[in-house]
Amino acid sequence: MNSGFSHHQVNSWSLPASHGAPPAPGQVPPGEPASPAALREILFFLRMRWQWIVAGCVVTLFLAALQIAFTAPTFIAQTQLMVVPPASGSDAQRASAEDAFVEAQLEIARSSDVLGGAATKLDLAQDPDFSSQKLSLKDKVKLQAKAWLRGAADGSDADAGDGARSSQERKSHAIIARLGDMISLRRIGRSTMIEISASASSPDKAANIANAVAQEYISKNLAMNAQSARQYSDWLETFVKEQKSALAEASNDLINYKSNPRDQFRLAELQSAADARKSLFESTLVKLSDAKQKISYPVPDATIVSLATPPLSEATPRAGLILTFALLLGAGAGTMAAMIRHAGDRRISRPQQVAQATGLSSIVAIERFHAPVDAEGSEPPAANAAPRIGEDGMGKLAALAIALRRRQRVTVGVVSPNPHSGASTVARELAVASARSGATTLLVDIAHPGAQTLTAEFGATGALGLADVAEDASLLPEAVFEIAARLDFLPIGRVADSAPALMMSSRHTEFDLETLKKQYDAVFFDLSALSAFSDAIAVAPEFDGVLMVIDYARTTIDDVDAGIDSLRNAGSEVLGAIINRAPRKTFL
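What counts, and at which threshold
- Residues numbered from 1 in each chain as written.
- Predicted model: local features only at pLDDT ≥ 70, side-chain atom pairs only at ≥ 80, totals over all residues.
- Heavy atoms only, no water.
- Helix = DSSP H or I, 4+ residues; strand = E, 2+ residues; numbered from the N terminus.
- Buried < 20%, exposed > 50% of the residue type's maximum accessible area, 1.4 Å probe, protein only.
- Contact = heavy atoms within 4.5 Å.
- Core = buried A, V, L, I, M, F, W, Y, C linked by side-chain atoms within 4.5 Å.
- Salt bridge = Lys/Arg side-chain N within 4 Å of Asp/Glu carboxyl O.
- Polar contact = N/O pair within 3.5 Å; in protein donor to acceptor, adjacent residues only side chain to side chain.
- Axes fitted to C-alpha atoms, helices over the stretch in contact; angles between N-to-C directions.
- Parallel < 35°, antiparallel > 145°, perpendicular 65-115°, else oblique.
- Left-handed = near helix turned anticlockwise from the far one by under 90°.
- Nonpolar A, V, L, I, M, F, W, Y, C, P; charged D, E, K, R; others polar.
- Pairing = 2+ DSSP bridges.
- Patch = residues over 30% accessible without salt bridge, like charges linked within 9 Å, V, L, I, M, F, W, Y side chains within 5 Å.
- Areas by Shrake-Rupley, 256 points an atom, 1.4 Å probe, with all protein chains shown as cover.

## Some details on the overall build of the protein
Part 1 of the reasoning: When you go through the protein residue by residue, the secondary structure sums to 19 helices and 13 strands.
Part 2 of the reasoning: Residues classed as buried in the protein amount to 40% of the 588 residues present.
Part 3 of the reasoning: If you take every contact in the protein between residues at least 6 apart in sequence, the share linking residues at least 24 apart comes to 83%.

Written out as structure tokens, the structure is:
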């Protein structure tokens, strides 16, 4: 019998025989554009593994929600200052000096003196956010080293006052360190503007800290300028005294020489020296006056442009950003996990998997069908009752039945690698479809006695059947009974010592398949699962061919490959495969 029935399939997947081995999943058939094939692969992957991606998103969003719920909110306030650098020479020199001056002011603003002053002004020692802070390991090592060095220098008789002072220093250091972590200073672009940002647990505290640091910086700058002016003034006073003495000496020399001038050049020289001393003395007096003025009224190098105001919303946690990042992270992690699972999943979910592993050229997928539930549910289903396979699946089975009857008479076994894969249902509906197509059809239950599915379904348990016919062929008319138009059923019969399949495979019976072919156009045999019993392997070579029934997303490709190899090694011809209980759009 011909090994393929692809020319007669309806909405099924098949490989042309001329192309040899089936394409790998994702391979683009000749003449077909690449992008639709790749898109189908992506859609199939998403349809199969969307639960993994959703699970990844749910987990990360849950963790993100926990972080948002348990993270204390942080508010950030900014104070802006404008620094006025001193005037310098050329533009290049001015730009370089301006950069250096602004950087110096930033370091002054983040110095411990400024932060300590702001902490004292705000009384942060009584603030719970600061008083409960512990020193870091680095700070502890520093303080311990300082205390050890101080103890080594002062001797070993340190009193309790030193311990108290050291404890106070550690506390003050911890507050300053904590405040430094909460403060951020930056230069705004290439301008002379400085921004002081403070983060705190409340809007008012953030604004107060930013303003306090800015004001302490201004105070520090004023103090530094006043100190600088004072030192400059002291030096100028000394210099003025020196210049005054030198001016008096130059004036005396000029007056004495004028009383008895002997050389006009010498007189001009003395006059020039006296004028220079006078000019230097007068300019020094002006500078001294300016220095005194700076001492009494110092001018800072920076002014506050805008004070910080309490922020209206929290800066952290940023719920929207965290949730978006968590969603992206979850989708990425879920996709990676899904790809790993997809690559390692050996369960059959696409016809191409079967074709690639087994070389079968004809594969039919039957969609999952949920029949209405009988309210009573006690009677066994009748042969002409609503089938367990949908109309689309029945159409495919009808086309398959017609394809199988390209020979006038045919015997076909229906088998599955594992139990509960629906092989009995497929065999029954395949026989129904064959009968509906106009062929006289016989359905035979040849399964192992421990798996009498069809016999029990049709209520023929204990009746005459195949086992009896195998011993006495004349009992065939009595054993066969009609279940639908042009469709008869032969139950397994009353089994004694040996299973009917093993009896038929031994060929030591009065009954053979040619007897059935004389009476029926198509005979379908419901075989036991390959993994459960050896009956199917033994009797399959007696048939014209065997159909392999695969349970979608349950049967593995290894089971199918091993089962088909066993059948072929026994001399059976595997006609094709039927993927049972497949979802819609299996061929995406």
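## What to know about the nonpolar core
Part 1 of the reasoning: Membership of the largest hydrophobic core comes to 45 residues, with the highest contact counts inside it found for Ile446, Leu490 and Phe525.
Part 2 of the reasoning: Setting aside its immediate chain neighbours within four residues, Leu490 contacts Leu442, Leu443, Val444, Asp445, Gly465, Leu466, Val469, Leu476, Ala479 and Val480.
Part 3 of the reasoning: Ala119, Leu124, Ile218 and Ala308 belong to the second largest nonpolar core, which has 35 residues in total.

## Considering the pattern of salt bridges
Part 1 of the reasoning: Here the structure, examined in full by the defined rule, presents 20 salt bridges.
Part 2 of the reasoning: One salt bridge connects Arg350 with Glu41, and the closest N-O pair in it is separated by 2.9 Å. Linking Arg350 in the loop between α9 (319–344) and α10 (351–358) with Glu41 in helix α1 (residues 34–70), this pair joins segments that are 309 residues apart in sequence.
Part 3 of the reasoning: Put simply, Arg428 and Glu429 hold a salt bridge, and the shortest N to O gap is 2.1 Å.

## Focus: the side chain of Asp468
Part 1 of the reasoning: Secondary-structure assignment places Asp468 in helix α14 (residues 466–471).
Part 2 of the reasoning: Here Asp468 falls in the buried class, since its relative accessible area comes to 11%.
Part 3 of the reasoning: A distance of 3.1 Å separates a polar atom in the side chain of Asp468 from the backbone nitrogen of Arg494.
Part 4 of the reasoning: Other than its neighbours up to four places away in sequence, Asp468 contacts Ala463, Leu475, Gly493 and Arg494.

## Some words on the packing of helix α3 (residues 112–122) against helix α7 (residues 203–259)
Part 1 of the reasoning: The N-to-C vectors of α3 and α7 enclose an angle of 125 degrees; their axes lie 8 Å apart at closest approach. With respect to each other, α3 and α7 are oriented oblique. Crossing handedness for the pair α3 and α7: right-handed. Here α3 contributes Asp113, Val114, Leu115, Gly117, Ala118, Lys121 and Leu122 to the contact with α7, which in turn contributes Asn208, Ile209, Ala212, Val213, Gln215, Glu216, Tyr217 and Lys220.
Part 2 of the reasoning: Within the contact of α3 with α7, the residues separate by chemical class into eight nonpolar, three polar and four charged.

## What to know about the pairing of strand β9 (residues 481–484)
Part 1 of the reasoning: Inspection of the sheet shows β9 paired to strand β10 (residues 487–490) by three bridges, in the antiparallel sense. Looking at β10, one finds that Phe481 is bridged to Phe489.
Part 2 of the reasoning: Between β9 and β10, which pair antiparallel one after the other, the connecting turn spans two residues, and Arg486 there sits at a positive phi close to 60 degrees.

## Observations concerning unusual backbone geometry
Part 1 of the reasoning: The residue after Thr316, namely Pro317, is reached through a cis peptide bond having omega -5 degrees.
Part 2 of the reasoning: Here Pro317 shows up in the loop between β5 (302–306) and α9.
Part 3 of the reasoning: Its identity as a non-glycine residue notwithstanding, Asp123 has a phi of 55 degrees, on the positive side.
Part 4 of the reasoning: Considering the arrangement of structural elements, one finds Asp123 in the loop between α3 and α4 (128–131).
Part 5 of the reasoning: Judged by relative accessible area, which is 43%, Asp123 ranks as partly exposed.
Part 6 of the reasoning: In this structure, Arg486 takes a positive phi of about 60 degrees despite not being glycine.
Part 7 of the reasoning: With respect to the helices and strands, the residue Arg486 is situated in the loop between β9 and β10.

## A closer look at the side chain of Gln243
Part 1 of the reasoning: Counting through the fold element by element, Gln243 comes out in helix α7.
Part 2 of the reasoning: Take Gln243: its relative accessible area is 6%, and that puts it in the buried class.
Part 3 of the reasoning: In contact with Gln243, not counting residues within four places along its chain, are Arg277, Leu280 and Phe281.

## Some details on the sheet that holds β5
Part 1 of the reasoning: The antiparallel open sheet is built from four strands, whose spatial order is β3-β4-β2-β5. One side of each edge strand has no neighbouring strand; the edge strands of this open sheet are β3 (183–187) and β5. Ignoring strand direction, the axes of neighbouring strands in this sheet form an average angle of 30 degrees.
Part 2 of the reasoning: Pairing of strand β2 (residues 75–83) with strand β4 (residues 193–200) involves eight bridges; the strand directions are antiparallel. When the sheet's bridge partners are listed, Ile76 is paired in β4 with Ser199.
Part 3 of the reasoning: On the sheet, α7 packs against β2, β3, β4 and β5 and is oriented at approximately 25 degrees with respect to β2.

## Here we look at a nonpolar patch on the surface
Part 1 of the reasoning: Where nonpolar side chains cluster on the molecular surface, the patch consists of Val59, Phe62, Leu63, Leu66 and Phe70 and spans about 540 Å² of accessible area.
Part 2 of the reasoning: Mapped onto the elements of the fold, Val59 is located in helix α1.

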